[in-house]
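These are the residues of each chain, in order.
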Amino acid sequence: MFGMPSMIELSTVEEAVALCKELGLSFLELNTNFPQQQLHLLDPVELKQLADDAGIFYTIHLNDELYVAEFNPHVAKGYCDSVMDAIDFAKKIGAQKLNMHLSGGAYYTMPDRRIHFYDAFEADYLKGMTHFRDLCTQAIGDAPIRICVENTNGYLPFQRKALEILLQSPVFGLTLDIGHNCCAGNADESWILSHADRLLHLHLHDVADCKNDHLPFGHGDLELDKYLAMANTRTAVVEVKTIAGLRQSIAWLDEEVTI
């Protein structure tokens, strides 16, 4: 099931929904990194009606930097509260997938290496992640909402421990971003696929030389077939960042699969 990301070329959700409908896609991924898509600025009733009229649904991409296990409790609470707000908003608009990055946090630069504070003080970090997990579990309750954690630069050992903690709750799942995985030297794919039953969401785009990602399908050198097959049972964002590139990707898809 394919959808599209929010795009900086489009000023409003209405424009994005119209394009989503035009291209025959199933959903739009709202993105809370965009200033105009801050959830307190959006009317959930109007948004739900807009989607219903277009015959689509929403997923939500949470802010890229979610320091939910930060050592300063005021900082951590602010980020956790933003996720609680997103869960409440998702219930109102019928969104069943929230996508989040797992921040590596700040680091300390030594003459010969970089030390992540979350690694050096791992017990405190994992305690914070456990608290975040429990907050989300309680907030979601029996709603059919899942928070899918996306790979970015290659999970570090302390992040994989955090993921194992999050996945102890049924409200958490995984997102496989195939371009990020390639650019990280394919560091995450085997781990994610070893938890295939929790892989619920995909970010799909082509990549050239494992350096230049978010390319339209067919414009890089990834073997896309196996990833497209995963979309048969999962939601998949065609995460191409320009309207022209998105149109090219959908045209390419039309020749490969039935959306």
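Along each chain, numbering runs from 1 in the same order as the chain's sequence is written. In keeping with the model being predicted, local features are shown solely for residues with a pLDDT of at least 70 and side-chain atom pairs are shown and tallied solely at 80 or more, while totals for entire chains, interfaces and linings include all residues. Heavy atoms from the whole structure form the basis of all side-chain values; hydrogens and water molecules are not counted.

Caption draft 1: The arrangement of the sheet that holds strand β4 (residues 97-101) in detail. What makes two strands pair is DSSP finding at least two bridges between them. A helix here means a DSSP run of H or I that spans at least four residues, while a strand means a run of E at least two residues long, and both kinds are numbered starting from the N terminus. Taken together, the eight strands give a closed barrel; going around it, the order is β1-β2-β3-β4-β7-β8-β9-β12, and neighbouring strands pair in parallel fashion. Across this sheet, the average inter-strand angle for adjacent strands is 30°, counted without regard to direction. One ladder, built from four bridges, connects strand β8 (residues 172-177) with strand β9 (residues 199-204); its direction is parallel. Counterpart to Asp177 in the pairing with β9 is His203. A fitted line through C-alpha atoms serves as each axis, taken over the contacting stretch for helices, and the angle formed by two N-to-C directions is quoted from 0 to 180°.

Caption draft 2: Local environment of helix α1 (residues 13-22). Looking at α1, one finds that the buried residues are Val13, Ala16, Val17, Leu19 and Cys20. Along α1, the residues classed as buried sweep out an arc of 165° about the axis, all on the same side. Every exposed residue of α1 that faces more than 90 degrees away from the buried side is listed here: Lys21 and Glu22. Only heavy atoms enter the contact rule, under which two residues are in contact if any of them lie within 4.5 Å. Lining the buried residues of α1 we find β1 (2-5), β2 (27-31), α2 (44-54), β3 (57-61) and α10 (243-256). Just past α1, the residue Gly24 takes up positive phi, approximately 75°. Residue exposure (1.4 Å probe, protein chains only): buried if accessible area is under 20% of the type maximum, exposed if over 50%, otherwise partly exposed. Directions drawn from the helix axis to the C-beta atoms are what define this arc.

Caption draft 3: Local environment of the packing of aromatic side chains. Pairing of aromatic rings covers Phe, Tyr and Trp, the last through its six-membered ring, and needs centres within 6.5 Å; plane angles under 30 degrees mean stacked, over 60 mean edge-to-face, and all others mean tilted. On inspection of all chains with the given rule, the structure shows 11 aromatic pairs. Ring geometry for Tyr125 and Phe158: centres 5.6 Å apart, planes at 85°, overall edge-to-face. Separated by 33 residues along the polypeptide, Tyr125 in helix α5 (residues 122-140) and Phe158 in helix α6 (residues 157-166) bring together distant segments of the chain. Measuring from ring centre to ring centre gives 6.4 Å for Tyr155 and Trp191, while their planes differ by 65°; the resulting arrangement is edge-to-face. With a gap of 36 residues between them, Tyr155 in the loop between β7 (146-150) and α6 and Trp191 in helix α8 (residues 189-193) connect regions that are remote in the sequence. A relative accessible area of 9% places Tyr155 in the buried class. The structure contains a cluster of three or more aromatic residues connected by ring pairs, namely Phe71, Tyr118, Phe121, Tyr125 and Phe158.

Caption draft 4: The arrangement of the pairing of β9 in detail. Counting buried positions along β9 gives five out of six residues, so the element sits mostly inside the fold. In the sheet, β9 pairs with strand β12 (residues 235-238) via four bridges, with the strands oriented parallel. Each residue of the ladder has a partner; that of Leu202, found in β12, is Ala236.

Caption draft 5: The pattern of salt bridges, seen in detail. Any carboxyl oxygen of Asp or Glu within 4 Å of a side-chain nitrogen of Lys or Arg constitutes a salt bridge here. Using the criterion set out here, one finds nine salt bridges in the structure. One salt bridge in this structure joins Arg247 and Glu22, with 2.7 Å as the shortest N-O distance. Here Arg247 is found in helix α10, whereas its partner Glu22 is found in helix α1, with 225 residues between them in sequence. Between Asp81 and Lys77 there is a salt bridge whose closest N-O contact spans 2.7 Å. Of this pair, Asp81 and Lys77 both sit in helix α3 (residues 73-93), separated by four residues, roughly a single helical turn.

Caption draft 6: Spatial organisation of the packing of α3 against α5. Their axes nearest at 10 Å, the elements α3 and α5 cross at an angle of 20°. Taken together, the axis directions place α3 and α5 in an arrangement best described as roughly parallel. Pair α3 / α5 crosses with right-handed handedness. Between α3, through Cys80, Val83, Met84, Ile87 and Lys91, and α5, the contact on the second element is made entirely by Phe132, Leu135, Cys136, Ala139 and Ile140. A per-class count over the contact of α3 with α5 returns nine nonpolar, no polar and one charged. Angle categories are assigned with fixed cut-offs, so that under 35 degrees is roughly parallel, over 145 is roughly antiparallel, 65 to 115 is roughly perpendicular, and the rest are oblique. Two helices that cross are described as forming a left-handed crossing if the nearer one is turned anticlockwise from the farther one by less than a right angle, and a right-handed crossing if clockwise. Any residue outside Ala, Val, Leu, Ile, Met, Phe, Trp, Tyr, Cys, Pro, Asp, Glu, Lys and Arg is labelled polar, Gly included; the first ten of those are nonpolar and the last four are charged.

Caption draft 7: How the structure looks around a negative patch on the surface. Residues Glu223, Asp225, Asp254, Glu255 and Glu256 make up a contiguous surface patch of negative charge. The biggest single contributor to the negative patch is α10, with three residues. Here Glu256 is to be found in helix α10. Grouping into patches uses exposed residues only, defined as over 30% relative accessible area, and leaves out salt-bridged ones; the cut-off is 9 Å for like charges and 5 Å for nonpolar side chains (Val, Leu, Ile, Met, Phe, Trp, Tyr). Accessibility throughout is a Shrake-Rupley quantity obtained with a 1.4 Å probe, and a residue counts as covered only by protein chains that appear here. Just so you know, the count uses Lys and Arg for positive and Asp and Glu for negative, and it drops His and the chain ends. Working definition for charges: the position is that of NZ of Lys, CZ of Arg, CG of Asp or CD of Glu.

Caption draft 8: Focus on the nonpolar core. Nonpolar core, defined: a set of buried Ala, Val, Leu, Ile, Met, Phe, Trp, Tyr and Cys residues in which side-chain atoms within 4.5 Å join the residues together. Core analysis: the largest hydrophobic core is formed by 80 residues, its most contacted members being Met4, Tyr58, Phe132 and Phe172. No other element matches α3, which puts seven residues into this core. Beyond its immediate sequence surroundings of up to four residues, Phe132 is in contact with Val68, Cys80, Val83, Met100, Leu166 and Phe172.

Caption draft 9: How the structure looks around the state of the cysteines. The criterion for a disulfide is a pair of cysteine sulfur atoms lying within 2.5 Å. Taken as a whole, this structure holds one disulfide when the rule is applied. The side chain of Cys182 participates in a disulfide bridge whose partner is Cys210; the two sulfur atoms lie 1.8 Å from each other. Looking down the S-S bond of the Cys182 and Cys210 bridge, the torsion is -75°, so its handedness is left-handed. A residue pair is termed long-range when its members are at least 10 positions apart, and Cys182 in helix α7 (residues 178-183) and Cys210 in the loop between β10 (206-208) and β11 (212-215) qualify at 28 residues. For the unlinked cysteine Cys148, the closest cysteine sulfur is that of Cys136, found at 12 Å. With no disulfide of its own, Cys183 lies closest to Cys182 among cysteine sulfurs, the gap being 5.5 Å.

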